[in-house]
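# Chains, contacts and geometry: an overview
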Amino acid sequence: MKKIALFMLLVILILIGIIAFKTLSVPNLQTKIKANPAPALADDALKHFQQAIQFQTVSYDAPSQWDSVPFTEFRKFLESTYPLVHKTLTREIVSGYSYLYKWEGKNKNLNPYILMAHQDVVPIEETTKNMWTCNPFAGTVKDGYIWGRGTTDDKINLISIMESAEKLLSQNYQPERTVYFVFGHDEEISGKKGAVQIAALLQSRNIKADLIMDEGGFVTREKVPGLNKPVALIATAEKGYMTLDLSVTKKGGHSSMPDNETAIDILLKAIVQLRAHPFEARFVESTQDFMKFIGPEIGFPNNIAMANPSLFKKLIIQNYEKSGSGNAMIRTTDVPTIINSGMKENVIPTLATATVNFRLLPGDSSAYIIKRVKEIINDDRVIIKVRDNNITEGSPTTSVKSIAFRTVDSIAKSSYDSVLSAPFLLIGATDSRHFSAVSENIIKFSPMEDPIGFHGIDERVSIKSYQHSIWFFEQFLRSCK
Ligand SMILES: [Zn+2]
């Protein structure tokens, strides 16, 4: 008995030893870079941002609601506000309202860099109109913030790029390598007219970029629990997108004599099955990279778990699953978003339909997920169709060793004081997902700090964020060697 106890103790001690050793021997991947203080924000720069918010460049799901006038006005605003950009760079107009700017570099042998931002914004929900503190299209400055639809998504990036380029041009600066700016006009409704067409255009010209940067992560003091320093979340991959329409047809009739099962019953069972069987949780490359970058910086006991992810997989997954956004980081998600059936209280409908939206974890192909959905529902009466043939697979992952990641990492640190950095998986979708044929090195990062009200009420970004965002792009453009 005593021998067994002693043996168990020894095993436990060895296990603790291994875990401690692995925790302590994790290399620290944080490059130590001291920030360069950001120059004061010019009054004009602030005014330009406020003006940009006033153009109601809204993308609607229903094409009939779309208004081209604000987009044309916004173009005129860019032309008159940034005259040097429009004198020096070439600009191509794609699909009428998307723009491809080219800033010719000195060295034609270097592959270009591409900076992306989108002009369009999401609408203001009718029911929330009165809940806004400030008019969403006024560009009000209040309490240290710039308020309005599009401040965080994504006009801050577009205007910061333009401000920094205009400033550098006024100093006769020319980048060493060519830099493109891609400003789509339909990112919020798939990017098919803007980003997709521009990517095709660049591909037809055999242009390969060493770096593409689009919106995505940001600097946060709040989003990583257990970390007491700000961290620049730099996305190196993004999830894919797919929508499935489920339908069941079964003879209906009078509600006074229902069959055991109706079309609605069958459909609801299918949805309940789907929701009861989440897809398998997995740490994809960008999530593993996140743990490697953050592990050594985070407190006990998270550091131990992150240093030994395979050993503590269950525990880490449980932690991620605590929130919807955490859960979305580790698995393909599905959620019903539209459901339709019936038209009269005493008639059993013949048709019941549901729309289910999927966000695909990189590595979970749409074909695999559709196969799994069929297995889970396990009922041939439920017809499954891909909506609009609209599938985007999860993106490839940009290596943290790439020049793209290292560049954005070091410039984020040069722009924000004592900030850490971490790669991660972006759960939303961006225009850059259409560019995988143009570059293997796509980074999704917006150099602002803790934006508020993304796609929601009281969207706003701090003035300090805007100041640092311009500073980021200025340093970025100077580094295009
Ligand atoms: Zn956006």
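Described in the following lines is the structure provided in the data block.

What counts, and at which threshold
Residues numbered from 1 in each chain as written. Predicted model: local features only at pLDDT ≥ 70, side-chain atom pairs only at ≥ 80, totals over all residues. Helix = DSSP H or I, 4+ residues; strand = E, 2+ residues; numbered from the N terminus. Rg over C-alpha atoms; globule rule 2.2 N^0.38 Å. Contact = placed C-beta atoms within 7 Å. Axes fitted to C-alpha atoms, helices over the stretch in contact; angles between N-to-C directions. Parallel < 35°, antiparallel > 145°, perpendicular 65-115°, else oblique. Left-handed = near helix turned anticlockwise from the far one by under 90°. Core = buried A, V, L, I, M, F, W, Y, C linked by C-beta atoms within 7 Å. Buried ≥ 20, exposed ≤ 12 C-beta atoms within 10 Å, placed from the backbone. Domains from an automatic or database assignment. Pairing = 2+ DSSP bridges. Expected span 1.5 Å × (residues − 1). Arc of directions from axis to C-beta.

## Details of the overall build of the chain
Per the secondary structure count, the chain includes 14 helices and 17 strands. At 25 Å, the chain has a C-alpha radius of gyration in line with the 23 Å of a compact globule built from 481 residues. If you line up the chain on its principal axes, its C-alpha atoms span 80 × 75 × 50 Å. The long-range fraction of contacts in the chain, counting pairs at least 24 apart against all pairs at least 6 apart in sequence, stands at 80%.

## Observations concerning the packing of helix 13 (residues 403–415) against helix 14 (residues 463–478)
Two quantities define a packed helix pair, namely the angle between the helix axes and the distance between the axes. Here helix 13 crosses helix 14 at 135°, and the two axes come no closer than 9 Å. In terms of axis orientation, helix 13 runs oblique to helix 14. For the crossing formed where helix 13 meets helix 14, the hand is right-handed. Contacts between helix 13 and helix 14 involve I411, A412, S414 and S415 on the former and, on the latter, H468, W471, F472, Q475 and F476.

## What to know about unusual backbone geometry
The step from D153 to D154 runs through a cis peptide bond, and the omega angle for that step is 10°. Mapping D154 onto the fold places it in helix 5 (residues 151–170). The phi dihedral of S190 falls on the positive side, at around 100°, and the residue is not glycine. Residue position: S190 is located in the loop between strand 6 (179–184) and helix 6 (195–204).

## A closer look at the nonpolar core
Core analysis: the biggest nonpolar cluster contains 111 residues, and I212, I234 and I443 have the highest contact counts within it. Looking at which domains feed residues into this core, each of domain 1 (43–215 + 427–478) and domain 2 (240–392) gives three or more. Apart from residues no more than four positions distant in its own chain, I234 is found in contact with G217, F405, V408, D409, A412, S421, A422, P423, I443 and F445.

## Examining the sheet that holds strand 17 (residues 460–462)
The three strands are arranged 4-5-17 in an open sheet whose pairing can be described as antiparallel. Either end of the sheet is taken by a strand with one partner, and the two such strands are strand 4 (141–142) and strand 17. In the sheet, strand 5 (residues 145–147) pairs with strand 17 via three bridges, with the strands oriented antiparallel. Note that in strand 17 the partner of Y145 across the bridge is S462. Helix-sheet contacts for helix 14 involve strand 5 and strand 17, and the interaxial angle to strand 17 is about 70°.

## What about helix 3 (residues 69–81)?
In this model, helix 3 (13 residues) spans 18 Å end to end at C-alpha, consistent with the 18 Å of a helix rising 1.5 Å per residue. Of the residues making up helix 3, those classed as buried are P70, F71, F74, R75 and L78. All buried residues of helix 3 lie within an arc of 145° about the axis, which places them on one face of the element. In helix 3, those exposed residues whose orientation departs by more than 90 degrees from the buried face are V69, K76, E79 and S80. Where helix 3 is buried, its residues touch helix 5.

## Notes on the sheet that holds strand 11 (residues 333–341)
By way of backbone hydrogen bonds, the strands of a sheet pair with one another, either parallel or antiparallel. Pairing within the open sheet is antiparallel, and its four strands lie in the order 11-13-9-14. The open sheet is flanked by strand 11 and strand 14 (383–392), the only strands paired with a single partner. The average undirected angle you get between the axes of adjacent strands in this sheet is 20°. Across eight bridges, strand 11 lies against strand 13 (residues 351–360) in antiparallel orientation. Note that in strand 13 the partner of V335 across the bridge is N357.

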